[in-house]
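Structural overview
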Amino acid sequence: MKPVPFPQRVEIELASACNLRCTYCPRHFVSDLKGFMKYSLFMRLIDELAAHPDTILVLHRRGESLLHPKFISILEYVRGKFNTIQLATNATLLSVEKAKAIINSISFISFSIDTPSVFNNTRIPARYDEVASNIHTFLDMNATQGAPVETQVSMVKTSETKEQDIERFLSTWKHKVDRVRIYDQHSENGVFGAIRHKRVDRRPCVMPSYEMLIYCDGTVGRCNHDWDGEPIGDISTAGIKEIWNGATYRNLREQHKNLRITDTVCATCDSWYPAIGHQGTGKVIE
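Quick summary incoming for the structure in this document. (Residues numbered from 1 in each chain as written. Predicted model: local features only at pLDDT ≥ 70, side-chain atom pairs only at ≥ 80, totals over all residues. Heavy atoms only, no water.)

Digging into the overall build of the chain
When its secondary structure is counted, the chain shows eight helices and eleven strands. Here the C-alpha atoms of the chain give a radius of gyration of 18 Å, agreeing with the 19 Å that 2.2 N^0.38 yields for 286 residues. Seen through its C-alpha atoms, the chain measures out along the principal axes to roughly 50 × 40 × 35 Å. Looking at the chain residue by residue over its 286 residues, the buried ones come to 52%. Taking contacts inside the chain between residues at least 6 apart in sequence as the whole, the part at least 24 apart equals 72%. On the chain, roughly 13,500 Å² of surface is accessible, and the fraction owed to carbon and sulfur atoms is 48%. (Helix = DSSP H or I, 4+ residues; strand = E, 2+ residues; numbered from the N terminus. Rg over C-alpha atoms; globule rule 2.2 N^0.38 Å. Buried < 20%, exposed > 50% of the residue type's maximum accessible area, 1.4 Å probe, protein only. Contact = heavy atoms within 4.5 Å. Areas by Shrake-Rupley, 256 points an atom, 1.4 Å probe, with all protein chains shown as cover.)

Focus on the side chain of Arg61
Among the secondary structure elements, Arg61 is positioned in the loop between strand 3 (56–58) and helix 2 (71–78). You can call Arg61 buried: its relative accessible area is 17%. At 2.7 Å, the side chain of Arg61 forms a polar contact with the side chain of Glu11. Excluding anything up to four places from it in sequence, Arg61 contacts Glu11, Glu13, Leu213 and Asn224. (Polar contact = N/O pair within 3.5 Å; in protein donor to acceptor, adjacent residues only side chain to side chain.)

Details of the nonpolar core
Side chains of a nonpolar character, in soluble globular proteins, are inclined to be buried together. If you look at the biggest cluster of nonpolar residues, it comprises 71 residues, and the most contacted ones within it are Ile12, Leu59, Phe138 and Trp173. Per element, the largest residue contribution to this core is seven residues, and it comes from helix 5 (residues 128–144). Apart from the residues within four sequence positions on either side, Phe138 is in contact with Leu94, Ala99, Ile102, Ile103, Ile109, Phe111, Val149 and Thr151. Membership of the second largest hydrophobic core comes to nine residues, among which are Ile56, Cys205, Val206 and Cys223. (Core = buried A, V, L, I, M, F, W, Y, C linked by side-chain atoms within 4.5 Å.)

What to know about the pattern of salt bridges
Following the criterion strictly, the structure yields eight salt bridges and no others. In this structure, Asp114 engages Arg123 in a salt bridge whose closest nitrogen and oxygen atoms are separated by 3.1 Å. Grouping residues by exposure puts Asp114 and Arg123 together as buried. Measuring nitrogen to oxygen at the nearest pair gives 2.8 Å for the salt bridge that ties Asp165 to Arg168. (Salt bridge = Lys/Arg side-chain N within 4 Å of Asp/Glu carboxyl O.)

Looking at unusual backbone geometry
Backbone torsion omega between Ile124 and Pro125 reads 0°, so that peptide bond is classified as cis. Inspection of the secondary structure puts Pro125 in the loop between strand 6 (123–124) and helix 5. Of note in the backbone geometry, Ala91 takes a positive phi value of approximately 70° without being a glycine. As for its position among the elements, Ala91 is in the loop between strand 4 (85–89) and helix 3 (96–105). For Leu259, which is not glycine, the phi dihedral falls at a positive 55°. Within the fold, Leu259 resides in the loop between helix 8 (247–258) and strand 11 (283–285). Leu259 gets classed as partly exposed once you look at its relative accessible area, which sits at 41%.

Let's talk about helix 8
Over its twelve residues, helix 8 runs 16 Å from end to end, which matches the ideal 16 Å to within 8%, given 1.5 Å per residue. For helix 8, the full list of buried residues reads Tyr249, Leu252, Arg253, Gln255 and His256. End-on, the buried residues of helix 8 take up no more than an arc of 155°, which puts them together on one face. Residues of helix 8 that are exposed and angled more than 90 degrees away from the buried face: Ala247 and Lys257. (Expected span 1.5 Å × (residues − 1). Arc of directions from axis to C-beta.)

Things to note about the pairing of strand 9 (residues 211–214)
What you see with strand 9 is no split at all: Glu211 and Leu213 on one side and Met212 and Ile214 on the other are buried throughout. As paired elements, strand 9 and strand 10 (residues 220–221) share two bridges and run antiparallel to each other. Bridge pairing in strand 10 links Ile214 to Val220. Linking strand 9 to strand 10, which pair antiparallel, is a turn of five residues; within it Gly218 sits at a positive phi near 95°. (Pairing = 2+ DSSP bridges.)

Brief notes about the packing of aromatic side chains
The tally for this structure, following the rule as stated, stands at four aromatic pairs. Ring geometry for Tyr39 versus Tyr77: centroids 6.4 Å apart, planes at 70°, classification edge-to-face. Linking Tyr39 in helix 1 (residues 39–49) with Tyr77 in helix 2, this pair joins segments that are 38 residues apart in sequence. Centroid distance Trp244 to Tyr249: 4.9 Å. Interplanar angle 50°. Geometry classified as tilted. Of the two residues, Trp244 and Tyr249, both sit in the buried class. Of note, Lys70 hangs over the ring of Tyr39, and the distance from its end group to the ring centre comes to 4.8 Å. Stacked on the ring of Trp173, the Lys or Arg Lys176 has its end atom at 5.5 Å from the ring centre. (Phe/Tyr/Trp six-rings, centres within 6.5 Å; stacked < 30°, edge-to-face > 60°. Lys NZ or Arg CZ within 6 Å of the ring centre and 35° of its normal.)

Next comes the structure, spelled out in structure tokens:
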């Protein structure tokens with residue numbers, strides 16, 4: 001993929017803190033994920049990004065964004081500035097007030113959930129009935145407004161997931177949301193981005209030429225499968241464009257282009273993207 005002078009997709013981690021302890025989450029292998037992005041830093045990032053309204057803005061990563069104490073103010077600040085704004089949430093904190101703010105500002109939302117038979121044991125301490133009720137309330141509110149927000153529900157397929165659970169998940173949600181996604185479990189045993197069935201025929205990953213990830217403390221990661229790698233930039237000392245066009249990013253792109261990958265995060269990752277939006281793992285039903 002030919003590099004572009006500015007990232008086409010930027011993930012801003014509003015919170016590394018989370019209110020759940022999902023059994024398969026890579027968080028278990030990372031310490032001190034308790035932070036929130038300062039509102040002043042967030043506004044500075046948005047002010048730079050706003051000159052690029054076609055950039056896809058993503059407002060989540062390692063934690064639960066709805067925990068951020070200024071979540072509604074954050075949505076108000078980005079409203080109308082980007083063509084696409086995405087958010088993922090576990091929906092435990094999805095109040096009517098926050099749902100209204102999301103519908104007014106976000107263009108795509110993904111709800112992380114599981115089948116009723118396992119949910120209470122995997123997404124601790126959430127309860128399925130409460131979370132499903134929150135999601136249904138949001139879907140009703142969204143529909144009343146003409147469905148401005150594209151919706152998705154997702155679940156994680158582990159080695160213990162039964163095929164009938166996947167079919168039950170699909171039948172429960174496929175007529176209620178725009179898209180259902182089944183993710184293969186990744187990052188088991190602390191190898192971030194690794195999946196159970198190792199992929200062969202390694203190809204260059206498009207992410208270093210497509211996306212930038214900014215953690216809540218302002219440091220820059222590689223992509224959504226970088227959970228605690230050595231930062232490749234710091235927003236406190238340079239802007240998005242400067243970091244994107246800097247030597248570290250250029251070197252990472254060359255590693256992928258030549259398939260001589262020495263970066264410690266990318267080298268062990270099986271979750272590489274050979275094309276934008278197409279990883280080649282899991283399942284998407286639209």
